[in-house]
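If you want the building blocks of each chain, they are given just below.
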Amino acid sequence: MEYISSRGGGESFSSKQAIIKGLADDGGLFVPRTLPTVDLEKLYKNKDYRDLAYAVMRLYLTDFTEKELKDCIAKAYDEKFTDDLIAPLVKVEDYYVLELFHGATSAFKDMALSILPHLLTTSMKSEQVDEEVVILTATSGDTGKAALAGFAGVDGTKIIVFYPEHGVSEIQRRQMITQVGENTFVVAVKGNFDDAQTGVKNIFSDKEFGENLLENGYKFSSANSINIGRLVPQIVYYFHAYFQLVRSGEMDLGEVIDFSVPTGNFGNILAGFYAKKMGLPVGKLVVASNDNKVLVDFIGDGVYDKNRNFVLTTSPSMDILVSSNLERLLNFSYGEDETREHMAELGAKGVYKADISVLKDFDAGFATMDEVDDTIADVYDRTTYVADPHTAVAINVSKKYRDASKSKNKMIVLSTASPYKFPKAVMKAVGGNDFDTSMDDFALVEELEKLMNTSLPVGIAEAIKSEIRHKIVAEKDAIKEVVGEILGLVN
Ligand SMILES: *Cc1c(COP(=O)(O)O)cnc(C)c1O
């Protein structure tokens, strides 16, 4: 399998090289030259998540030996996941919820970030990269903790996470600042998420700083969702979800089903698109957005326009105006020349227009914050199932899609966070008018425990009672200096 830039460029790379590089030299994202196909009946024989992961991922990571890839999978999908199925499928009314939040940090990001560090260090070993790799990540919440947990204690790596001082939930902040591991560093930035992200991006493009780093035996890398090593592991759970429906007797192998996906950077749903192209019987992939509905407009009329107000919602992981993984879909649908043009237009004017007749695999819809509240309350009232706000967006949109399309296909809704990560939004929705939501997150999770009659996921419970280890605060224009100090760089 060869990887090339979504913007062309001609040069091709192995999967190991693409994982190490992260981004292509022309700024494009690595895409497989062609997508592999599968024999569904053969694949179905893999009952265990790890076996299925191997059978799917080996088609993409062809330069990994069997032992290398199986080792990575075994280290990632182990007892850190609190459910034996890794990603269990739950029937709720006339749809199914695929719970992707049973990993170490209770977020869907664990599905990819528990394996990326192993794919990366394996790649570096065989490509003879001797430098210690330094992961720099700006986070608006979930990615930071999942990346810290994934890289903690992994030999040959250090990870530095930057989060906006007042821009993440109390639970998310506590999860990060209690992180153990000598190779982990967490920095609060006096600014918003964009300030943190800009600071990190500036470091990546600072040639002089990069050279100084090499002299000190370090090399930067990033853990964000453009890395092909994050995308490939996500393809697995689409097959896994489908096979669970077959195994439970709900349908026969070969039946066509739909997926509704809470979408931000377009990584999750793109993995579903790749699964479909590989041979998974999928009807529509439904993009579910919140008030930041730039993708819904794009799929509706082909105009991608990021020039609009940014709305802070109750589903913050989907508050995004530039969905970076969409570039991989553009590459697949329109080819490299048009992708390069559209990305240039997006950079210069913030808008481009494409032909939507080739986007038939997708449908799209959005839910407002009021609709999200109503959906959480309504689903709870009728079934006692508690959905987090991101999942509720996808449930709401899946219903709108089914009403409008009259599709009779079975529907799987992807669930991307545990309700315990967003206790305020959930308790406000289900607690009724008299409920006092002025209490802090730590009191609210106790209320949620009573309501759900389950106990807090261990990762969150431990974070609440653990010692605070990370106290660095940085001015937004001093991010580079902080990195220099942490790494002990000599100028
Ligand atoms: C990251 C994230 C999303 C968005 O996923 P993409 O792959 O970026 O589209 C949705 N929900 C939650 C809770 C997330 O953490």
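Please refer to the structure higher up on the page.
Please read all numbers here as calculations on a predicted model, not as lab measurements.

### Notes on the overall build of the chain
- Along its length, the chain carries 21 helices and 16 strands.
- Its C-alpha atoms give the chain a radius of gyration of 21 Å, within 12% of the compact-globule value 23 Å for 491 residues.
- In the chain, buried positions account for 57% of the 491 residues.
- When the accessible surface of the chain is summed, it comes to about 20,000 Å², and 47% of that surface belongs to carbon and sulfur atoms.
- Across the chain, 53 positive and 74 negative side-chain charges occur, with their mean positions spaced 3 Å apart.

### Description of helix α21 (residues 479-487)
- For α21, the set of buried residues is Ile479, Val482, Val483, Gly484, Ile486 and Leu487.
- The positive-phi residue at the C-terminal boundary of α21 is glycine 488, with phi of around 65 degrees.

### A short note on the packing of aromatic side chains
- Using the criterion set out here, one finds 17 aromatic pairs in the structure.
- Residues tyrosine 304 and tyrosine 352 carry aromatic rings whose centres are separated by 5.4 Å and whose planes lie at 5 degrees to one another, so their mutual orientation is stacked. On the criterion of sequence distance, the pair formed by tyrosine 304 in strand β12 (residues 303-305) and tyrosine 352 in strand β13 (residues 351-353) is long-range, its members being 48 residues apart.
- What makes tyrosine 352 buried here is its relative accessible area of 3%.
- The ring centre of phenylalanine 366 lies 5.3 Å from the NZ or CZ of lysine 293, which sits over that ring.

### Section: the site of the ligand
- Inspection of the region around the ligand gives 15 residues, with Lys109, Gly264, Asn265, Asn268 and Thr416 positioned closest.
- With respect to the ligand, the side chain of aspartate 142 contributes an N or O atom lying 3.1 Å from an oxygen atom.
- The contact in question runs from an oxygen atom of the ligand to an N or O atom on the backbone of asparagine 265, over 2.7 Å.
- For the ligand, the accessible surface in isolation is 380 Å², of which the surrounding protein chains cover 96%.

### Here we look at the packing of helix α3 (residues 49-57) against helix α4 (residues 66-76)
- It is the contact of α3 with α4, at a shortest axis distance of 10 Å, that shows an interaxial angle of 135 degrees. It follows that α3 is oblique to α4 by the angle criterion. The two elements α3 and α4 meet at a crossing, and its hand is right-handed. Along its contact with α3, which presents Arg50, Ala53, Tyr54 and Met57, the element α4 presents Glu66, Leu69, Lys70 and Ile73.
- Considering only residue class, the contact of α3 with α4 consists of 5 nonpolar, no polar and 3 charged.

### Here's the deal with the sheet that holds strand β6 (residues 132-138)
- Spatial ordering of the open sheet is given by β9-β6-β7-β8-β16, a layout of 5 strands whose pairing is parallel. The open sheet has two edge strands, β9 (218-221) and β16 (472-475), and neither has a second partner. Neighbour to neighbour, the strand axes of the sheet diverge by 30 degrees on average, direction disregarded.
- By the bridge criterion, 6 bridges tie strand β7 (residues 157-164) to strand β8 (residues 184-190) in an arrangement that is parallel. Its bridge partner being in β8, tyrosine 163 is matched across the sheet by alanine 188.
- In the packing of helix α7 (residues 142-151) onto the sheet, the strands contacted are β6, β7 and β8, and the crossing angle to β7 comes to about 165 degrees.

### Concerning the pattern of salt bridges
- In the structure shown here, the tally under the stated rule is 26 salt bridges.
- The closest approach of N and O atoms between arginine 7 and glutamate 327, which form a salt bridge, is 2.7 Å. With arginine 7 in the loop between β1 (3-5) and β2 (8-13) and glutamate 327 in helix α14 (residues 326-334), this residue pair connects regions lying 320 residues apart in the sequence.
- Exposure remark for arginine 7: the relative accessible area of 19% places this residue in the buried category.
- Here glutamate 93 makes a salt bridge to lysine 399, at a shortest N to O gap of 3.8 Å. Linking glutamate 93 in the loop between β4 (89-92) and β5 (95-99) with lysine 399 in helix α17 (residues 389-405), this pair joins segments that are 306 residues apart in sequence.
- Assessed through its relative accessible area of 31%, glutamate 93 is described here as partly exposed.

### Observations regarding the nonpolar core
- Judged by nonpolar contacts, the single largest core of 104 residues is most densely connected at Met57, Leu61, Phe239, Phe259, Phe298 and Ile412.
- With 13 residues, helix α11 (residues 228-247) is the largest single contributor of residues to this core.
- Not counting the four nearest positions on each side in its chain, isoleucine 412 is found in contact with Leu89, Tyr96, Leu98, Ala241, Tyr242, Leu245, Ile257, Asp258, Phe259 and Ser260.
- Counting 35 residues, the second-largest nonpolar core is a separate cluster that includes Val286, Ala392, Met411 and Val413.

### Quick word on unusual backbone geometry
- Look at isoleucine 86: it is not a glycine, yet its phi comes out positive at around 70 degrees.
- Its location among the elements puts isoleucine 86 in the loop between α4 and β4.
- Overall, isoleucine 86 belongs to the buried group, its relative accessible area being 1%.

### As for the packing of helix α18 (residues 423-430) against helix α19 (residues 441-452)
- In the contact formed by α18 and α19, the axes pass within 9 Å of each other and the chain directions differ by 50 degrees. It follows from the interaxial angle that α18 and α19 lie oblique. Note that α18 runs across α19; the crossing there is left-handed. Contacts between α18 and α19 pair Pro423, Lys424, Val426, Met427 and Val430 from the former with Asp441, Leu444, Val445, Glu447, Leu448 and Leu451 from the latter.
- Grouping the amino acids of the contact of α18 with α19 by side-chain chemistry returns 8 nonpolar, no polar and 3 charged.

### Observations regarding helix α8 (residues 170-177)
- All buried positions along α8 are accounted for by Ile171, Gln172, Gln175, Met176 and Ile177.
- Those residues of α8 that are buried lie in contact with α7, β7, β8, α18, α19 and α20 (458-465).

### As for the side chain of glutamine 175
- With respect to the helices and strands, glutamine 175 occurs in helix α8.
- In terms of polar contacts, glutamine 175 uses its side chain to reach the backbone carbonyl oxygen of threonine 105, at 3.4 Å.
- Excluding its chain neighbours within four sequence positions, the residues that come into contact with glutamine 175 are Thr105, Lys145, Lys421, Ile460 and Ala463.

Each value, and the rule that gives it
- Residues numbered from 1 in each chain as written.
- Predicted model: local features only at pLDDT ≥ 70, side-chain atom pairs only at ≥ 80, totals over all residues.
- Heavy atoms only, no water.
- Helix = DSSP H or I, 4+ residues; strand = E, 2+ residues; numbered from the N terminus.
- Rg over C-alpha atoms; globule rule 2.2 N^0.38 Å.
- Buried < 20%, exposed > 50% of the residue type's maximum accessible area, 1.4 Å probe, protein only.
- Areas by Shrake-Rupley, 256 points an atom, 1.4 Å probe, with all protein chains shown as cover.
- Lys, Arg positive; Asp, Glu negative; His and termini not counted.
- Charge placed at Lys NZ, Arg CZ, Asp CG, Glu CD.
- Phe/Tyr/Trp six-rings, centres within 6.5 Å; stacked < 30°, edge-to-face > 60°.
- Lys NZ or Arg CZ within 6 Å of the ring centre and 35° of its normal.
- Near = heavy atom within 4 Å.
- Polar contact = N/O pair within 3.5 Å; in protein donor to acceptor, adjacent residues only side chain to side chain.
- Axes fitted to C-alpha atoms, helices over the stretch in contact; angles between N-to-C directions.
- Parallel < 35°, antiparallel > 145°, perpendicular 65-115°, else oblique.
- Left-handed = near helix turned anticlockwise from the far one by under 90°.
- Contact = heavy atoms within 4.5 Å.
- Nonpolar A, V, L, I, M, F, W, Y, C, P; charged D, E, K, R; others polar.
- Pairing = 2+ DSSP bridges.
- Salt bridge = Lys/Arg side-chain N within 4 Å of Asp/Glu carboxyl O.
- Core = buried A, V, L, I, M, F, W, Y, C linked by side-chain atoms within 4.5 Å.

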